[in-house]
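Listed here are the chains, written in short residue letters.
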Amino acid sequence: MEIIWEPFVSVLGLTVVFSPAVLFALLCGVSLVGAPLSERTIARSIQLAVSVGFVAALGLLLSMLATGLHELSLELGDWVAIPDQHFHFHLKFVFDRLSVPFVILVYGLCGIVGAFTTRYLHREPGFGRFFVLYSVFLMGMVFSSLAGTIEALFFGWELVGLSSALLVGYFHERANPVRNGQRVWSVYRIADAAFLVAAILVHHLTGSGDFSVLMGDGLWPAGSVALSEKHALLVGLLLLAAAAGKSALVPFSGWLPRAMEGPTPSSAVFYGALSVHLGVFLLLRVGGLIERSIVLMVVVSALGLVTAVYAMLAGRVQSDIKSALAFASLTQVGIIVFEIGVGLRFLPLVHIIGHACLRTLQLLRAPTLLHDFHWMENAVGGHLTSEISVWHRWIPKWTRLWLYRFSLERGFFDELLDEYVVRPVIRLFRWSNRMEERWTRWLSMESTSSKPPRPASESSLEDYAK
Amino acid sequence: MKFSAESTDPSSEVSRNVGDAHLAQLRETIEHAAHYLPSQGPITVFVHHNNLHSFEHLPFEQGVVEGGRLYGCNAFLPEERYRQKLARGRIRREDLEAVLSVELSGDDEKSVGALCSQAELRLALLEVPLRSGTRAELSWLVSGTNALRSFANEVNSETRSQIVEQTRHWVMRDLKTQESGSSLIQKDVLDEALSEFDLSDAEIWAEGKWEELTIYLLWKIVRTRVGGCTWDRSERTSPPKVRHRDVLLKATGDDSDLLINDTLVRFWSAYLDQGFANWAFSEREKGPFLRFLELASCERSSPTLFSKCVAAEAKRLLDDRVSAEQAIEESLHILGVDESEEESFIIETLLAFRGWAGMVWQMETNAPWEPHPAPKGALVQYLAVRLLLERVALRIVVDRNLDSSLPLDLLREAIDEGPESKPEFSADQMAFAIFELAQHRGWGPERMAQLRRSDFESLIGGIRRFDSLARRKVYHLAFERKYRNETLDAVLHHAQRLRGQGAKKQKKRKLASYQVVCCIDEREESFRRHLEEVDPESETFGVAGFFGVAMYYRGVEEAHFRPLCPVNITPQHYIVEDPSYSVQHSESLRVGLRRRLGKATHRAHRGNRTFMGGILSGLLGAIAVFPLVARILFPRSTAQFRRFFGRMVKTPATELRLEQSDCNAGRSEERHGYSVEEMAQIVEGGLRAIGLTQSEQFTSLVVICGHGSASLNNPQEAAHDCGACGGGRGGPNARAFSQMANDPRVRTILASQGIPVPAESLFVGVYHNTCDDSMTWYDLERIPRSHRTVFERVRDAIDEARARSAHERCRRFHSADLEISVLDALRHVEGRAEDLSQPRPEYGHCTNALCFVGRRSWSRGLFLDRRAFLTSYDPTQDDEASSILERLLQAVIPVCAGINLEYYFSYVDPTGYGCGTKLPHNITSLLGVMDGAASDLRPGLPWQMVELHEPVRLLFVIETSPSAIERIISENEAIARLVNGNWVQLAIFDADALKILRYVDGKFVTYDPETSGIPLVRSSVDWYRGWRDHLGFASIGEQFVPTGSEG
């Protein structure tokens, strides 16, 4: 039995992992050789790659169900190995009860959004660029959902971050998308730094980045963590910081509504559905680690709860559809984090899948809001009124004012980060720069500041004609 | 941080009076400035406006330039776009010549420096793309190419060899032999140039070497000569910035608006929100300024530096009970804005976020039907809030970058003092331009060397005067001229052809079997043409699509009344659609079901974004996959499925409560229903307008066809609806008109007014959805058995015509194959209307360019490519004073010009006048769209709606006499402004004499056709198939084409 199944399943697994990579290679390759594809060809190749991956993932699920196989790992060996430094970049993909549903979700939503976008972006100058980024995103999502080692997860995570930030800045001829794209990128950098340190720590503590070593041999979600409580807390906090950046938990929440700058479908699949759940997925993947430390559990669930309450408040006052949906997403992400914190495993997974599907649909039809409101008003037969909730009557007036303002300004998180983190850091670096300049000048014995020679102002045009 | 508040002495009565007067004046200034704001109101009621309506008192050519300067937008297309059109033959040389000769009127023969005439110089500058640019670009060009040593690529070989030959002769004769001839140039320049070449073996040089020498000499001479000339070198610069933020941004690179934009957008979108947010804005009635102060003064929730400073200021203003006007005055004082520049400063400040400011103004003045209109004075309060935030932000930015002791009122002077290098047109740039021009024109080095200094200076002056803006204007006029002449030619030739054919078949001519009255909308042009092709016995008319029925209308499944008439009319009548009497008893059931469904949907809509509701919907969210997949992959089938279930709650049969009766007579200003006399008046007006007054003209069936458009995921949906219904759907108007015209009492009155409508004529209303080309018939149960045969014939013909019209539309959609069949084309447009992922459900008024006012008899069978508004008008039935025409034009000219000009501007500057691409749009406050997460509100048309447009001013061709139109222009101010200001083009057509007069600068000029004929094809599809781009004119029709051997 196993002899027959084993290669078949592995082939399916490889197809799932590499069909986005093939797509990426195709879309990028033709751009590199300067022969851009037609819209139709791009649409076909997206369709093909996604449906092949989707069908393979479904087939994998069915065959795993049929054979009772609960876990399958694909070893692709060490891609970089420096034995002296005890460093290796180990690529391994795991198909288990967490990753298979997640990867099916990724393929499903990306497929739908891909089909949507080929029509939505028709005749758009950036059509090809969008789909190159889309393929990077898809590849990153598939890699990180299937990752069996922390370094493989990091690799996928980076691809997702890069494509997300570039898609926020998709309309780069305007200032706002670029500014907001940069903000997303900067927050991701903080998350990545935390992740990287965590990955190195894990390697240092366990000698490898393999989740099966870290979490013990048990199948997900079971498993015993091979770290001491203190180590688990340390690694866990770092991973939590990484997840907080990626999933826009407090205090990084400000970037999520700002990310709604790209074309509507990219907002839908990225910030409504998939990449906002990636941080949560990480926490789910290392769930055993969180359970190892009570403190960590408390911190995780508290952060989830705070985020959920904050996002609910901010979401209630938003008067534009995309911000409202962003905060609605964030509320659920916070709740999912809370669920993970209190030790639930399958519920958050179901929650992620359901929530991602719902938000994708809602964001894709966000431009039809006026139509919907019109319909509802007509059905109800009058203007729509919002019932004032019981909470309102309990809260004294000045607190209500305070809360409204707090929510309207989105808790000032962005502004506070700018004022108390970004500016001081920039000042520090500028100061360091000046110090370094001075130091090098002193070293090279230069007396005064020498400016680079300016080109003579009245050079003749002929001087250039050489 | 200090905020120097103006110290006022309350005891001084005089100063208070002066102060009050100033406050009133401030209010006035702000209201005046408001006219420069975009005039688009809530996006659900989309009315097309001229974006530059506040510049209509100027002529078009001047208005677009000044408007463009104010808004920072293009006046015309970029130059290279016109060049492409020139290369493709869309602009011809003769068009340019004609425009130039008018432009220079008279002095075109005045020569430029003995080289050529002004007109020739300008023509050369238009035809030849001179490579020019800033100094840096030029140096890059020169270093990257061999520009100073070889001819420019575009110079043709004839000119090349001519110049080289002349130069060779000159060099051999005068220079090599050191006998400097008549050259006016210093010898050392030539010597220096020649020193690089060894002339000793010049006789045996290859052609290439001569070319190199020629070009190098040319450059040297031109550069030297230009260096010796004096001319005005200053570049055309934008007027100095009045806003502190602009000055500061330029000086420091730090944008103070970044600090305030978020706060402004968040506050105003919440304040103007019409019911989207779950937590509604409370105590709106206090006014935005007070509410802003209350919110902003909340110190506990002001953690950042900016919010703390704002809170302190807000608290002070709140405690001192400062009004919005006083706050503005104080801010102006702190910013050092004195009275002389008050107005321009206020305009600039309002324009900084013109979408939001405009919406505040519209909500204040023009949107009483919305649930939360803005109170009076909202714009003043907007400005007060904005200026308050602005000065706090400026203070912070100044402290951060400059000197914290610098007061804001001296800021602009303090920064302006710095040496500012004004952009300058350098000698190199000018020399390079002339150098290239000389190559193209064949002016060799010898010729340039012999020019006098004054000649050179006049050449330079000629080039300088004809700058990019002037060139674009000429291109644009030529661009319009070509299409205009083609149109006028087509009208003349087609009318002539019809006459020839009419004479032949005079006796065979049959009366029409039925008549269809459509809206004048240019989208109905293809429908009408196809209908006439499908059934030659049909007759069509065009009339403004509200059919004279100006009403507030509420459908049976609708919650609110909405006006269905042009925006300049305020309806006096309220019309309700009721369920039919036979289904009334079961209606309450359906109403209840609908209400429950609506409430449940609303609850779900809000609920899934809350905490607990969100958890539930999140867990069950996977179900969303089904609608998600279905709607995106199979939009058309999903729509059919939804409609099937929608039928359960849909009222099966309805009727209009059209007639006034005692029981429904409401308050005096809200009159429900029309009296019989009023109905007769409406029907009479409609019939007279289209010239349908004799009893033998009427056929047994007259179809009245209103139109509108429905699409999904399209915030600008209403922009596709009927313009004559004020951006509403004209179906109910068509229905009401038919019902009125069928009323025997109305017919009795009509007969007494001289319009005897035969008893057997029946009017039927229908609604045309221009997006999916569907037709919805009204009141079919009222068609008597005697008329059913003819009705079925009409319905079949109309079904065929709408399918063919859909087919013609599909040639414009790249996602539909050019070889698509008629049936598939209909399916395609049906799918588009239901497709969530379709940003172009239809192209709307795109490509509109013409408006014909006159009898259909001369335009019938002319292929107009869906570009012409067609208004029916019969001059033979009009009175002496042309009062019917006057009434028609009072509506048609402003409405059509508004549509045309909005398309013009949205195309010419898609992000400045239009609202950019639709893809990142974000609906906010249920009022409008923003770009992405937070931005200014974006009024105007999206690029996806206008991308196929040709920006030409609307050309009216009116069948009337010069005296009639002159009188109408002189007595109607709105028409005069548009026509005399050249915001539209006008020509009048005499169908009997086959003569066209163009209205040019207040005078009529006879138009002589340029061509001798237009193509002749059997059917529309023969003409348009296989082609996506704009199409020219053609005569369509079997009757013209000789059949087989007979001919």
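Within every chain, residues take consecutive numbers counted from 1 along the sequence as written. For naming, the first written chain is A and the first written ligand is 1, with later ones following in the order written. A pLDDT threshold of at least 70 governs which residues receive local features in this predicted model, and a stricter bar of 80 or more applies before side-chain atom pairs are shown or counted, although totals over entire chains, interfaces and linings include all residues.

Novice: Requested: an account of the overall build of chain A, with residues and values cited.
Specialist: Here a helix means four or more residues in a row that DSSP labels H or I, a strand means two or more in a row labelled E, and each is numbered from the N terminus. Check the secondary structure of chain A and you find 18 helices and two strands. Over its C-alpha atoms chain A spans a radius of gyration of 25 Å, differing by no more than 12% from the 23 Å that the globule rule assigns to 466 residues. The dimensions of chain A, computed from C-alpha atoms along their principal axes, are 80 × 70 × 55 Å. For every residue, the other C-beta atoms within 10 Å of its own C-beta are counted; 20 or more classify it as buried, 12 or fewer as exposed, and values in between as partly exposed. C-beta atoms are placed from the backbone. By residue count, 53% of the 466 residues in chain A fall in the buried class. Long-range pairs, those at least 24 residues apart, make up 75% of the contacts in chain A between residues at least 6 apart in sequence. The globule rule is 2.2 Å times the number of residues to the power 0.38, and the radius of gyration it is compared with is taken over C-alpha atoms. Placing C-beta atoms from the backbone, we regard two residues as in contact once those atoms come within 7 Å.

Novice: Please give an account of the overall build of chain B that cites residues and values.
Specialist: Within chain B one finds 37 helices and 22 strands. Expressed along its principal axes, the backbone C-alpha trace of chain B runs to roughly 110 × 95 × 65 Å. Long-range contacts, defined as pairs at least 24 residues apart, comprise 73% of the intrachain contacts of chain B with a sequence gap of at least 6.

Novice: Tell me about the domain arrangement of chain A, and name the residues and values.
Specialist: All names here are of chain A. Segmentation of the chain into domains, including their bounds, is taken from an automatic or database domain assignment. Looking at the assigned domains, one finds that chain A contains domain 1 (2–366) and domain 2 (394–437). In this structure, domain 1 and domain 2 have C-alpha centres spaced 28 Å apart. Contacts between domain 1 and domain 2 engage eight residues on the former and nine residues on the latter.

Novice: Describe the nonpolar core, naming the residues involved and giving the relevant values.
Specialist: The tendency in soluble globular proteins is for nonpolar side chains to be buried as a group. All names here are of chain B. Under the definition applied here, buried Ala, Val, Leu, Ile, Met, Phe, Trp, Tyr and Cys residues are grouped into a nonpolar core through C-beta atoms within 7 Å. V360, V703, V892 and A987 are the most contacted members of the largest nonpolar core, which totals 425 residues. Per element, the largest residue contribution to this core is 16 residues, and it comes from helix α33 (residues 883–908). Beyond its immediate sequence surroundings of up to four residues, A987 is in contact with L488, L955, F956, V957, I996, L997, R998, Y999 and Y1007.

Novice: Can you explain the sheet that holds strand β12 (residues 774–777) of chain B? Please cite residues and give values.
Specialist: Residue and element names in this part refer to chain B. When DSSP locates at least two bridges between a pair of strands, those strands are taken to pair. The sheet built from five strands is open, its strands ordered β4-β3-β10-β11-β12 with mixed pairing. In this open sheet, the two strands that pair with only one neighbour each are β4 (538–542) and β12. Going from strand to strand, the sheet's axes swing by 25 degrees on average, the running direction of each strand aside. Sheet analysis places strand β3 (residues 514–518) next to strand β10 (residues 701–708), joined by four bridges and oriented parallel. Across the sheet, the residue bridging to Y514 is L701, located in β10. To obtain each axis, a line is fitted to C-alpha atoms, and for helices this fit is confined to the stretch in contact; angles are then taken between N-to-C directions over 0 to 180 degrees. Against the sheet, helix α31 (residues 788–810) touches β3, β4, β10, β11 (762–769) and β12, its axis set at about 35 degrees to β10.

Novice: Give me the interface of chain B and chain A: which residues, what numbers.
Specialist: Think of interface size as the accessible area that goes away when the parts come together; that is how it is often given. The interface is formed by 82 residues belonging to chain B together with 80 residues belonging to chain A. No other element matches helix α24 (residues 584–607) of chain B, which puts eight residues into the side of chain B that touches chain A.

Novice: How would you explain helix α28 (residues 676–690) of chain B if you had to name every residue and give the values?
Specialist: Residues and elements named next belong to chain B. What a helix should span is 1.5 Å times the count of its residues minus one. The terminal C-alpha atoms of α28 lie 22 Å apart, and with 15 residues this matches the ideal 21 Å at 1.5 Å per residue to within 8%. Among the residues making up α28, those that are buried are M679, A680, I682, V683, G686, L687, R688, A689 and I690. Its buried side turned inward, α28 meets β3, β4, α29 (731–742), α30 (744–752), β14 (868–872) and α33. The first or second residue beyond α28 is G691, which carries a positive phi of 75 degrees.

Novice: Run through unusual backbone geometry, naming residues and quoting values.
Specialist: The amide bond that connects V250(A) to the next residue, P251(A), takes the cis arrangement and shows omega of 5 degrees. At R410(A), a position not held by glycine, the phi torsion is positive, near 55 degrees. With respect to the helices and strands, R410(A) occurs in the loop between α17 (397–408) and α18 (413–443). We note that S882(B) has phi near 55 degrees; this positive angle belongs to a residue other than glycine. Its place among the elements puts S882(B) in the loop between β14 and α33.

Novice: Account for the packing of helix α5 (residues 150–168) of chain A against helix α6 (residues 175–206) of chain A, with residues named and values stated.
Specialist: Residues and elements named next belong to chain A. Where α5 meets α6, the axes come as close as 8 Å, and the angle between the chain directions of the two elements is 175 degrees. Classified by the angle between their axes, α5 and α6 sit roughly antiparallel to one another. Packed against α5, whose contacting residues are I150, E151, F154, W157, E158, G161, S164, A165, L166 and V168, the element α6 presents P177, N180, G181, V184, W185, Y188, D192, F195, L196, A199 and V202 at the interface. Under the scheme applied, nonpolar residues are Ala, Val, Leu, Ile, Met, Phe, Trp, Tyr, Cys and Pro; charged residues are Asp, Glu, Lys and Arg; polar residues are all the others, including Gly. Looking at the contact of α5 with α6, its residues break down into 14 nonpolar, four polar and three charged. Angle categories: roughly parallel below 35 degrees, roughly antiparallel above 145, roughly perpendicular from 65 to 115, and oblique for all the rest.

Novice: Before we move on, could you go through the packing of helix α23 (residues 524–534) of chain B against α31(B) and cite the residues and values that matter?
Specialist: Residue and element names in this part refer to chain B. Between α23 and α31, the least distance of the axes is 8 Å, while the angle of their chain directions is 130 degrees. Taken together, the axes of α23 and α31 lie oblique to each other. The way α23 lies across α31 gives a crossing that is right-handed. Residues S526, F527, H530, L531 and V534 of α23 touch α31, and the partners they reach there are A797, I798, E800, A801, R802, R804, S805 and E808. Within the contact of α23 with α31, the residues separate by chemical class into six nonpolar, three polar and four charged. Take the far helix as the reference: if the near one is turned anticlockwise from it by less than a right angle, the crossing is left-handed, and if turned clockwise, right-handed.

Novice: Which residues make up the environment of L237(A), and what values do they have?
Specialist: Mapped onto the fold, L237(A) is located in helix α8 (residues 229–246). For the pair L237(A) and R393(A), spaced 156 residues apart in sequence, the C-alpha separation works out to 39 Å.

Novice: So what's going on with the sheet that holds strand β18 (residues 985–990) of chain B? Which residues, and what values?
Specialist: All names here are of chain B. Ordered by their spatial adjacency, six strands build an open sheet running β14-β13-β17-β18-β19-β20, and the pairing between neighbours is mixed. For this open sheet the edge positions go to β14 and β20 (1003–1006), each flanked by a neighbour on one side alone. Ignoring strand direction, the axes of neighbouring strands in this sheet form an average angle of 20 degrees. Looking at chain direction, strand β13 (residues 850–854) and β14 are connected through five bridges and run parallel. The residue of β14 that forms the bridge with C851 is F869.

Novice: Explain the confidence of the model for chain A to me, using residue names and the numbers behind them.
Specialist: Each residue carries a pLDDT value, the predictor's own confidence for that position, ranging from 0 to 100. Chain-level statistics for chain A give a pLDDT mean of 88 and a share of 93% at 70 or above. Across residues 452–457 of chain A, confidence stays below pLDDT 50; counting only partners more than four residues off in sequence or on other chains, it has zero contacts.

Novice: Describe the pairing of β18(B), with residues and values.
Specialist: Residues and elements named next belong to chain B. For β18, the buried fraction is high: five of the six residues fall into the buried class. Note that strand β17 (residues 955–958) and β18 share four bridges and pair parallel. Opposite I958, over in β18, you have I988 as the bridge partner. As paired strands, β18 and strand β19 (residues 995–1000) are joined by four bridges and run antiparallel to one another. What sits directly across from A987, in β19, is R998. Adjacent in sequence and paired antiparallel, β18 and β19 are bridged by four residues, among which L994 carries a positive phi angle near 50 degrees.

Novice: So, the confidence of the model for chain B: which residues are in play, and what are the values?
Specialist: Residues and elements named next belong to chain B. Per-residue confidence for chain B gives a mean pLDDT of 89; residues scoring 70 or more make up 93%. In the predicted structure, residues 1–11 sits below a pLDDT of 50 and forms eight contacts with residues beyond four places in sequence or in another chain. Counting interchain partners and residues more than four positions distant, the pLDDT-below-50 stretch residues 1043–1047 has one contact.

Novice: How would you explain the environment of G731(B) if you had to name every residue and give the values?
Specialist: Inspection of the secondary structure assignment puts G731(B) in helix α29. For G731(B), the contacting residues outside a window of four places in its chain are G706(B), G708(B), Y767(B) and T776(B).

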